[in-house]
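The lines below spell out each chain.
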Amino acid sequence: MKRYFRELSVAAALFALLAGLALFAPNFYEPAPLLSRFAAQAPALVVAIGMTLVIISRQIDISVGSQFGVCAVVAGTLAAMKLPLVVVLLASVGTGAILGAFNGVLIAGLGLPSIVVTLATMVTWQEALRLGQQGRFINLPPGMQWMGLSQVGGQRALVALAVLMVAAFAWALKNLAAGRHVYAVGSDAEAARLAGIHPKGTTFGVFVLMGGLVGLAAVMNIVQSPQVDPNAGGGLELKAIAAAVVGGVAVSGGRGNLWGVFVGLLLLATINPALTYLHVEAYWEKAIQGLVILLAVVADGLRSRRGKR
Amino acid sequence: MRKLFLLITTLGLIMATGCNKPSESTNTAGSGGGKKLTIAFMPKSKGNQYFITCKNGAVKAAADLGIDLLFDGPTNTDPAKQNEIVENWITLGVDVIAVACENKEGISTALRKAQAKGIKVITFDSDSMPDARSFFVNQATATGIANVLMDTAAQLCGGEGEFAIITATLTANNMNEWRKNIDLRLKEKYPKMKLVETKPCDDQKDKAQQETANLLGAYPNLKCVMAICSPAVPGAAEAVKQAGKVGKVKVLGLGLPSENRAYVKDGVTQAVILWKVEDLGYLTIAAATALAKGELKPGATTFKAGKLGEIQLQGSDIVLGQPFVFTKENIDQFDF
Amino acid sequence: MSSSSKLNGWKSALLRHESVLLFLVLLEAFYFNAVGRNFATADNVGNIIRHSTEIGLLALVMMPIILTGGIDLSVGSLLGLCAVLFGKMCQEGGFSPLVAGGITLCIGAAAGGFNATLITWLRLPPLIVTLGTYSLFRGLAEAITKGTATYSKFPQAFLDFGNGALLGLPNQAWILLAVAMGVWLLIHQTTFGRSFRAIGFAPEGARYAGLPVERRVAMAYVLAGIVAALAAILFTARVTQARADAGIGYELLAVTAVVLGGTSIFGGTGTVHGTLLGVVAVAILSNGLSRILSISNVSRELSGMLTGALLVLALASGLLSKYIAAWRARRGVAG
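Scoring rules and cut-offs
- Residues numbered from 1 in each chain as written.
- Chains lettered and ligands numbered in written order.
- Predicted model: local features only at pLDDT ≥ 70, side-chain atom pairs only at ≥ 80, totals over all residues.
- Heavy atoms only, no water.
- Helix = DSSP H or I, 4+ residues; strand = E, 2+ residues; numbered from the N terminus.
- Buried < 20%, exposed > 50% of the residue type's maximum accessible area, 1.4 Å probe, protein only.
- Contact = heavy atoms within 4.5 Å.
- Areas by Shrake-Rupley, 256 points an atom, 1.4 Å probe, with all protein chains shown as cover.
- Pairing = 2+ DSSP bridges.
- Axes fitted to C-alpha atoms, helices over the stretch in contact; angles between N-to-C directions.
- pLDDT = per-residue confidence, 0-100.
- Salt bridge = Lys/Arg side-chain N within 4 Å of Asp/Glu carboxyl O.
- Buried area = accessible area lost by both parts, 1.4 Å probe.
- Nonpolar A, V, L, I, M, F, W, Y, C, P; charged D, E, K, R; others polar.
- Bend = angle between axes of the 7 residues up to and from the residue.
- Core = buried A, V, L, I, M, F, W, Y, C linked by side-chain atoms within 4.5 Å.
- Parallel < 35°, antiparallel > 145°, perpendicular 65-115°, else oblique.
- Left-handed = near helix turned anticlockwise from the far one by under 90°.
- Phe/Tyr/Trp six-rings, centres within 6.5 Å; stacked < 30°, edge-to-face > 60°.
- Domains from an automatic or database assignment.
- Right-handed = clockwise from strand over helix to strand, strands pointing away.

**Concerning the overall build of chain B**
Then, in step 1: Broken down by element type, chain B carries 10 helices and 14 strands.
Then, in step 2: When burial is assessed residue by residue, chain B has 63% of its 336 residues classed as buried.
Then, in step 3: Taking contacts inside chain B between residues at least 6 apart in sequence as the whole, the part at least 24 apart equals 70%.
Then, in step 4: Of the roughly 12,000 Å² of accessible surface on chain B, a fraction of 53% belongs to carbon and sulfur atoms.

**Some points on the sheet that holds strand β7 (residues 193–200) of chain B**
All names here are of chain B.
Then, in step 1: Spatially, β7-β6-β8-β9-β10-β14 is the arrangement adopted by the six strands of the open sheet, whose pairing is mixed. Whereas interior strands pair on both sides, the edge strands pair on one side only; in this sheet they are β7 and β14 (324–326). Pairs of neighbouring strands in the sheet enclose a mean axial angle of 20°, with direction left out of account.
Then, in step 2: Across four bridges, strand β9 (residues 250–254) lies against strand β10 (residues 269–274) in parallel orientation. If you follow Gly253 over to β10, its bridge partner there is Val272.
Then, in step 3: Contacts from helix α6 (residues 173–189) reach β6 (161–167), β7, β8 (222–227) and β9, with the element oriented near 170° to β6.

**Section: the confidence of the model for chain B**
Then, in step 1: For chain B, the average pLDDT comes to 85, and 90% of its residues sit at 70 or higher.
Then, in step 2: Below a pLDDT of 50 lies the segment residues 18–33 of chain B, which in the model reaches 32 contacts outside its immediate sequence neighbourhood of four places, other chains included.

**Focus on the environment of Arg58(A)**
Residue and element names in this part refer to chain A.
Then, in step 1: Of note, Arg58 is situated in the loop between α2 (31–56) and α3 (64–80).
Then, in step 2: Sequence separation between Arg58 and Arg255 is 197 residues, and the spatial gap between their C-alpha atoms is 9.3 Å.
Then, in step 3: Dropping the residues within four chain positions of it, Arg58 is found in contact with Gly186, Ser187, Val251, Ser252 and Gly253.

**Focus: the pattern of salt bridges**
Residues and elements named next belong to chain B.
Then, in step 1: This structure, assessed with the given rule, holds 29 salt bridges over all chains.
Then, in step 2: Residue Lys113 is joined to Glu87 by a salt bridge in which the shortest nitrogen-to-oxygen separation is 2.8 Å. Of this pair, Lys113 sits in helix α4 (residues 104–116) while Glu87 sits in helix α3 (residues 81–92), and the two are 26 residues apart along the sequence.
Then, in step 3: Since its relative accessible area comes to 24%, Lys113 is described here as partly exposed.

**A few points about the pairing of strand β5 (residues 135–138) of chain B**
Residue and element names in this part refer to chain B.
Then, in step 1: Along β5, one buried face is formed by Phe135 and Val137 and the opposite face, lined by Phe136 and Asn138, is buried too.
Then, in step 2: As paired elements, β5 and strand β13 (residues 317–319) share three bridges and run parallel to each other. Paired with Val137 across the two strands is Ile318, which belongs to β13.

**Here's the deal with the interface of chain B and chain A**
The extent of an interface is frequently quoted as the accessible surface area lost upon association of the parts.
Then, in step 1: Residue-level contacts link 33 residues of chain B with 36 residues of chain A.
Then, in step 2: With both chains or domains summed, chain B and chain A bury close to 2,700 Å², and 43% of this area falls on carbon and sulfur atoms.
Then, in step 3: When residues of chain B are sorted by the area they lose upon contact with chain A, Lys205(B), Asn214(B) and Gln242(B) head the list and together hold 21% of the total.
Then, in step 4: Listed by contribution, the elements that provide at least two residues to the side of chain B that touches chain A are α2 (49–65), β7, α7 (205–218), α8 (232–242) and α9 (257–265) of chain B.
Then, in step 5: Its residues placed into classes, the side of chain B that touches chain A shows 10 nonpolar, 12 polar and 11 charged.

**What about the interface of chain C and chain B?**
Then, in step 1: Taken together, the contact pairs 54 residues of chain C with 54 residues of chain B.
Then, in step 2: Inspection of the region where chain C meets chain B yields four salt bridges.
Then, in step 3: When the shortest N-O distance is used, the salt bridge between Glu84(B) and Arg238(C) registers 3.1 Å.
Then, in step 4: For the side of chain C that touches chain B, the secondary-structure elements that each account for two or more residues are α2 (17–35), α3 (42–67), α8 (171–189), α11 (213–239), α13 (272–289) and α14 (299–334) of chain C.
Then, in step 5: Here the side of chain C that touches chain B takes eight residues from α3(C), the largest share from any one element.
Then, in step 6: A breakdown of the residues in the side of chain C that touches chain B according to their chemical character gives 22 nonpolar, 20 polar and 12 charged.

**Remarks on α3(C)**
Residues and elements named next belong to chain C.
Then, in step 1: A bend of about 50° at Thr53 is the largest found in α3.
Then, in step 2: When you tally the buried positions in α3, you get 24 out of 26 residues, the bulk of the element.
Then, in step 3: Just downstream of α3 lies Gly69, where phi reads positive at about 90°.

**A look at the nonpolar core**
Note that soluble globular proteins tend to have their nonpolar side chains buried in a common cluster.
Then, in step 1: The biggest cluster of nonpolar side chains holds 174 residues, and the ones touching the most others in it are Val47(A), Ile241(A), Leu58(C), Leu60(C), Leu79(C) and Phe154(C).
Then, in step 2: For this core, the element with the highest residue contribution is α11(C), accounting for 16 residues.
Then, in step 3: Not counting residues within four places of it along the chain, the set of residues in contact with Leu58(C) comprises Val75(C), Leu79(C), Ala228(C), Ala231(C), Tyr250(C) and Ala254(C).
Then, in step 4: If you look at the next biggest cluster of nonpolar residues, it comprises 98 residues, including Ala140(B), Ala227(B), Tyr263(B) and Leu291(B).

**Some thoughts on the packing of helix α11 (residues 258–277) of chain A against α7(B)**
Then, in step 1: At their nearest, the axes of α11(A) and α7(B) sit 9 Å apart, and the two run at 40° to each other. The angle between α11(A) and α7(B) places the two elements in the oblique class. For the element pair α11(A) and α7(B), the recorded crossing hand is right-handed. Where α11(A) abuts α7(B), its residues Asn272(A), Pro273(A), Thr276(A) and Tyr277(A) lie against Lys207(B), Glu211(B), Asn214(B), Leu215(B), Gly217(B) and Ala218(B).
Then, in step 2: Residues that form the contact of α11(A) with α7(B) fall into these classes: four nonpolar, four polar and two charged.

**As for the sheet that holds strand β12 (residues 310–314) of chain B**
Residues and elements named next belong to chain B.
Then, in step 1: In space, the eight strands of this open sheet follow the order β2-β1-β3-β4-β5-β13-β12-β11, with mixed pairing throughout. One side of each edge strand has no neighbouring strand; the edge strands of this open sheet are β2 (68–71) and β11 (302–304). Neighbouring strand axes in the sheet, compared pairwise and without regard to direction, differ in orientation by 25° on average.
Then, in step 2: Lying over the sheet, α2 contacts β1 (38–42), β2 and β4 (120–124), oriented at roughly 165° with respect to β2.
Then, in step 3: Packed on one face of the sheet, helix α10 (residues 277–293) meets β1, β2, β3 (96–99), β4, β5, β11, β12 and β13 and runs near 160° to β4.

**With respect to the packing of aromatic side chains**
Then, in step 1: All chains considered together, the criterion is met by 15 aromatic pairs over all chains.
Then, in step 2: Each ring, one from Phe86(C) and one from Phe158(C), has its centre 5.3 Å from the other, and the planes form 45°; the classification is tilted. Here Phe86(C) is found in helix α4 (residues 75–91), whereas its partner Phe158(C) is found in helix α7 (residues 156–163), with 72 residues between them in sequence.
Then, in step 3: Judged by relative accessible area, Phe86(C) falls into the buried class, the value being 0%.
Then, in step 4: Geometrically, the ring pair formed by Phe154(C) and Phe158(C) is tilted, given 5.4 Å between the ring centres and 45° between the ring planes. Side by side, Phe154(C) and Phe158(C) carry an identical accessibility label, which is buried.
Then, in step 5: Clustering of aromatic rings is evident, with ring pairs tying together Phe28(A), Tyr29(A) and Tyr277(A).

**What about the domain arrangement of chain B?**
All names here are of chain B.
Then, in step 1: Along its sequence, chain B is carved into domain 1 (29–139 + 277–320) and domain 2 (142–274).
Then, in step 2: Distance between the C-alpha centres of domain 1 and domain 2: 30 Å.
Then, in step 3: The interface is formed by 11 residues belonging to domain 1 together with eight residues belonging to domain 2.
Then, in step 4: Contact between domain 1 and domain 2 buries roughly 690 Å² in total, counting both sides, with carbon and sulfur atoms accounting for 54%.

**Describing the environment of Gly248(A)**
Residue and element names in this part refer to chain A.
Then, in step 1: Secondary-structure assignment places Gly248 in the loop between α10 (236–246) and α11.
Then, in step 2: A relative accessible area of 1% places Gly248 in the buried class.
Then, in step 3: C-alpha of Gly248 to C-alpha of Thr52: the two residues are 196 residues apart in sequence and 9.8 Å apart in space.

**Considerations on the pairing of β6(B)**
Residues and elements named next belong to chain B.
Then, in step 1: Of all seven residues in β6, seven are buried, a share of seventy percent or more.
Then, in step 2: Residues Gly161, Phe163, Ile165 and Thr167 of β6 are buried on one face, and the alternating residues Glu162, Ala164 and Ile166, pointing to the opposite face, are buried as well.
Then, in step 3: Direction of pairing for β6 relative to β7: parallel, over a ladder of seven bridges. In the sheet register, Glu162 faces β7, and the bridge partner there is Lys194.
Then, in step 4: Following the chain from β6 across α6 to the adjacent parallel β7, one finds a crossover that is right-handed.

What follows is the structure, encoded as structure tokens:
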């Protein structure tokens, strides 16, 4: 109970919001739009998984939004050449992994601070993408949308895939040696090294994985519409970081669990539609998002302060 | 102490490079002397298909008329960037500055500075304060655009019902002008129609799609979605299509034919409103050239704009023509 | 013996980050002067200074925060909020810019104090607190203006100030200089600066050494709030309007300048003049590239990409000098 205070309090907040919606805007729960909303958030959830791993290993990655744009354009360009979905997916994941490896080499290999390295790669990929694509949309061939399934089928598949990824990664973090290494490196790299873990290798792996997940998320995004917008992915890094933090991942590394992040993302992603359904004016949205992030951490801070006394 | 020395040398150096050479002419290009004219052309933002199309027209005009074209603009939503670019152009020494203004009041300060240095100023797409430029290349006034949008929406809805607007950001200046004028038109002519909400999409198609999906759920009686920034039009259409409300909820907006062709043909989007964007760029450069050469003077009523032929003026507005409504029938004739 | 240590002193001074950066700035200046059009003119230098004032101010106060091992992502949003409040007070409240400016500075201090309270009293990570206030401050600015209101009715004298010059330099240059001197004195000449460094190196150690860690850290964030408010006023005077989107993205530009200037993102080391050089290096790069006519069309994208590359290079060069020092030390022991 105590151990999962943050996760539970975020879940309580989400539950309160959902209960409020049930009372005041019951049409929020109409099944078809609800499924669409879940499907639309599925890519962000996949990115948040990677971000959680990155933060648990005591790093941060603010270049994921730019990576997402690059992957989406690569995937879209290949898809427009009528290549099969598998090839598109592999190319996008590969592109993401390469971009992630670039971060990884600088961060794990040279020991440079991740926040600055990914700040640099964020601007660099973003400007390179603008130079190359100039904001042009890419039209996808007809079979691409929903991966050839029906709309509902496609949306279900995407949501299932994202939740499955969360479950798989949550399991792996707990039960696989590699997963425990991520925690170990994040809580104390030196101790981890003495225990026979390779901290550099682990960190490098986490960034490659992050990139690969971004590549996957980009494909999960482009299959939801017949066009690729190269500007998609703007602000994704903040969304993923906020979800992880609200979900109880400690930026000091070594602590956090994926189900908490899952709930955190659900909470943040529910705010925007909730405001629309409750007929609140759009210009309050950012302030409320900020308040939710602050409240989540303040609750934690107050509790630990009282605990110390 | 050495640090202090370093600090002072640094600052001194900056000042020295500046103050030792105040005599160098800042407007070396000059307008006479048979030198090639330099015209600087600024979109509201780079990396936006609309302005890239504009630029293509400008490049064609530059080639036709034999002038040098500079193209630069903000890459993000920093409202100070346009001012900075104009001020840089002043010291760079260009002959004419052509701007699509993001901030009416803000940019005017910089444009007045340019005029004071003898640089001709022209605006296109959206205007500055009238005293800060010589001419405005007007593809359609804010009132004109708002009226066409509102009238088309009302016609699609049969003159009554709820509708919603998707805009780029809540702070985007010209869209706020349109929203104001849409409101005016609404109050004046369509009392039975109701604007339920205006949502920002951050100029992203996917965000527009999500916002529209939410609106469709939250307002079951919604009859029409009006998207007033170009990425939002296909986004809104996709949301309507996915919600299975094709035809029940009409979609219209300001967008490019190329991005909306499929939706218009499938009957998801009923009307896409735009002008001939490439011609707007072409006309702007033609007018700027004529202005610099003295062929276009205040008070003129017509001027010759290269391949576009004779163009009419209304006061200081150079009018491109009426906004164009793309529908199922005519959208295939346009390829931008 | 003494001559060799002197020589070493010179060598290490030349290898110091700031010296390399100064060399880079000079290189940029000479290159753009040779290749660019009208680069080294009084007007253009004035432009470069005027346009980098706000980011320079934010960088100057971001630097002490990073020195303590923290970060403030909310300064850009706070600039926007302060600009809007300042505009509203001038236009709707009937305040003179001087009075409104004073109140705005107080609001900035309060906002900085809010960050500081959460960070020091509740011991929350600065990255997360300021990520929250990054959204909150911008959101409040949008809520106050409903996104759409633009304030542009200011007394002419105020607007003239934002675009005027004194003794051949833009007015902003003098303010920037004054703030730079102030921060420089604070960081390099007082015990405060030393305590910032100590906190950045080892917060627990600093606490055991008897430093009032919380108060010192809080001071850095309050200072950032005040200067962000000052930057908001200067921004409004220069752009002659206040709107909710003022200062978007400035926090990252400020962090870029600070890190480029040699301050360690983990805290503990950094200099004010380095930060200023970082600001200048980026400003000259983006201004200069747009003056090379053949690449002017893509200069903005290029300067973004080059800034990214410079950042990585700056970090890597710090690493290099560390290796050299380690190698020397090893050799010294062996010999």
